[in-house]
Amino acid sequence: MTISVHLSPSNPSEHEPGHMAAAWAMVPDARHFRGFVFDVSDLPEEFQTAERWRDYLFDHTVPGHVIQDKRMAALVRHRRDSLLSQEWAAEPAQVRELESLTKTGQAGRYSFNPDDHPGCHNCVTWATEVVNNALGQVLPRVRQGRIKLMTEVLRAQPNKPEPA
């Protein structure tokens, strides 16, 4: 049994903010992925294009949603070498804890600057929190949940999961 995180780095030239998700596997080929996202339709109309998300989400919050992260699952299967990942062995109780913390549906508020909005998360702060709640302090909380800062953390980690 394992618990893991997977991070797709940002690509500012393509207005891709990056993404981080949590995952678990009870058996090797049955990984479950959860992510924390916002719904673009919750943004004011003038901010609904990817190049404008940052303009709104740095200063405002919108509803956050825990999802079954099919996009991250596909990236792990087909473009794993473009991701940064970290995996830990887990006990059944830890996996059950992660499952209970990652029920899908609306869950709190989302912001690109969660430290400035108490109670808010973005994908990085959420994934860090749920994994740490299940396993203990295995990941640091990085300032504002910045993808760039978590990228540095994961690049420095010696443990890399085996290919799916």
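Preceding this section is the structure that the text describes.
Residues numbered from 1 in each chain as written. Predicted model: local features only at pLDDT ≥ 70, side-chain atom pairs only at ≥ 80, totals over all residues. Heavy atoms only, no water.

Caption draft 1: The arrangement of the sheet that holds strand E6 (residues 105–110) in detail. Here seven strands make up an open sheet; going across it, the order is E5-E1-E2-E3-E4-E6-E7 and the pairing mixed. Of all strands in the sheet, those bounded by a partner on one side alone are strand E5 (84–89) and strand E7 (120–121). Helix H5 (residues 147–156) rests against strand E1 (2–8), strand E2 (19–25) and E5 of the sheet, and its axis sits at about 130° to E1. (Pairing = 2+ DSSP bridges. Helix = DSSP H or I, 4+ residues; strand = E, 2+ residues; numbered from the N terminus. Contact = heavy atoms within 4.5 Å. Axes fitted to C-alpha atoms, helices over the stretch in contact; angles between N-to-C directions.)

Caption draft 2: View of H5. Those residues of H5 that sit buried are Ile147, Met150, Thr151, Val153 and Leu154. For H5, the angular spread of the buried residues around the axis is 165°, confining them to a single face. Across H5 from its buried face, at more than 90 degrees, point the exposed residues Lys148, Arg155 and Ala156. In this structure, the buried side of H5 is in contact with E1, E2, E5 and helix H4 (123–135). (Buried < 20%, exposed > 50% of the residue type's maximum accessible area, 1.4 Å probe, protein only. Arc of directions from axis to C-beta.)

Caption draft 3: Structural view of the nonpolar core. Judged by nonpolar contacts, the single largest core of 36 residues is most densely connected at Ile3, Met20, Phe38, Leu43, Leu57, Val131 and Met150. The biggest single contributor to this core is H4, with eight residues. In contact with Phe38, not counting residues within four places along its chain, are Leu43, Trp53, Leu57, Val62, Pro63, His65, Tyr110 and Phe112. If you look at the next biggest cluster of nonpolar residues, it comprises eight residues, including Met72, Ala73, Val76 and Leu83. (Core = buried A, V, L, I, M, F, W, Y, C linked by side-chain atoms within 4.5 Å.)

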